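# Geometric and topological summary
Chain residues, written in single-letter form:
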Amino acid sequence: MTVYQNDYKAHILRLDNEFEIKRELANIKVDKKAFDILTQKMSYLHIKIEKVDTRAANLIKQYLSAIGGEAAISQEAYTYTERTTDMIISASKKNIFLLIKKIQEDKYGLPEIAKEIEKNLFSSVGAIKLGNNILDFNKSTYIMGTINFFKSSSLEPANEKTVLKKVENFVKAGANIIDICDECFYKENSIHKDANELLPKVVSIIKQIKAQFPGVILSIDTVKINVAKECLNAGIDIINNSIPLKYNEELINLIAKTKCPLIMIFNPTLITNQPKPLISISDVIREIQSNVSYALGKGVGKDKIIIDPGIGFGRSDRDNFLILKQLSSFKYF
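Here the structure is a predicted model, which means the values were calculated and not measured. (Residues numbered from 1 in each chain as written. Predicted model: local features only at pLDDT ≥ 70, side-chain atom pairs only at ≥ 80, totals over all residues. Heavy atoms only, no water.)

## Considering the pairing of strand 4 (residues 127-130)
The two faces of strand 4 differ: Ile 128 and Leu 130 on one face are buried, but Ala 127 and Lys 129 on the other face are not. By the bridge criterion, 4 bridges tie strand 4 to strand 5 (residues 133-136) in an arrangement that is antiparallel. Paired with Ile 128 across the two strands is Leu 135, which belongs to strand 5. (Buried < 20%, exposed > 50% of the residue type's maximum accessible area, 1.4 Å probe, protein only. Helix = DSSP H or I, 4+ residues; strand = E, 2+ residues; numbered from the N terminus. Pairing = 2+ DSSP bridges.)

Following this line, the structure appears as structure tokens:
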């Protein structure tokens, strides 16, 4: 008689992405030839689709149920008392691929839904070339140091030596990007002539940073077209913009023309000083999608866009942690 010792120690693994799955497969010495097949089967995805034709939603639910997955739709969608519904589909990556093939030539808008789902699964963009520098976000995490060039309580610029010392400290600490925040250009009094008179000081510090720290990447946090132009001429590498681009057509045209990378910030305090509590990460994604679509339509390359989902800006800790937890939701952009 064989006696088995009870030391199995079963425990739950949280595998949120393909990297974690492959790491755990390697830990138990799975044949690497099987990695791709197993990863597709073990990558379980949850995709939200908005405003789906109720008939299409019910068909997707039926298809997923047959191949091994699930779809959640509104109560009204079951009874066909509403024409559209938001829905969440859940399945392994392999079965999502099967679903796409199944609905590619169907009706009720299903081929368009298939394309939209497919966009979530394939995203090869993740690298930006900046002169001699390449930021490859697929392989590395990059650190940005932020410097407020102007004192927040006035239009007085910070001492240039102080700014250069801060840059030096950031570079020594491992920062790859230095962001210069010209706060005075955001305020209502930014149209005052003093703001424009201070622009040469910003240009001067950019040139000094570039001369002393030639390897550092510089971004300018601005929404003003004249600031962006002058700073680009001075050697700035990235424009950091925090308002919807449809309200800043001159700036987006400049970015498209110069092929300058753009950090696209979602600012929840733009309309009200206090941001509304986040109900779902979809609220942020929807706004960013609108901004991304507008930029692409104006000729900005997809490989020139960096997304900032707006952590901070007066948000509660709960909402900030929700964004952090759902960062992978932004990858399909």
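## What to know about the sheet that holds strand 3 (residues 84-92)
Ordered by their spatial adjacency, 3 strands build an open sheet running 1-3-2, and the pairing between neighbours is antiparallel. Both outer strands of the open sheet, strand 1 (44-53) and strand 2 (69-73), are each paired with one neighbouring strand and no more. Direction aside, neighbouring strands of the sheet carry axes that sit 20° apart on average. Alignment of strand 1 against strand 3, held across 8 bridges, turns out to be antiparallel. Each residue of the ladder has a partner; that of Tyr 44, found in strand 3, is Ser 92. Against the sheet, helix 6 (residues 110-121) contacts strand 1 and strand 3, and its axis sits at roughly 150° relative to strand 1. (Axes fitted to C-alpha atoms, helices over the stretch in contact; angles between N-to-C directions. Contact = heavy atoms within 4.5 Å.)

## Structural notes on the environment of Ile 281
Tracing the chain through its elements places Ile 281 in helix 11 (residues 281-297). C-alpha of Ile 281 to C-alpha of Gln 326: the two residues are 45 residues apart in sequence and 7.1 Å apart in space. Apart from the residues lying within four places of it in its own chain, the contact partners of Ile 281 are Leu 322, Ile 323, Gln 326, Ser 329 and Phe 330.

## Comments concerning helix 12 (residues 317-325)
Considered for burial, the residues of helix 12 that qualify are Asp 319, Asn 320 and Ile 323. One side of helix 12 carries all its buried residues, which in axial view fall inside an arc of 100°. For helix 12, the exposed residues set more than 90 degrees away from the buried face come down to Asp 317, Arg 318, Phe 321 and Lys 325. In this structure, the buried side of helix 12 is in contact with helix 11. (Arc of directions from axis to C-beta.)

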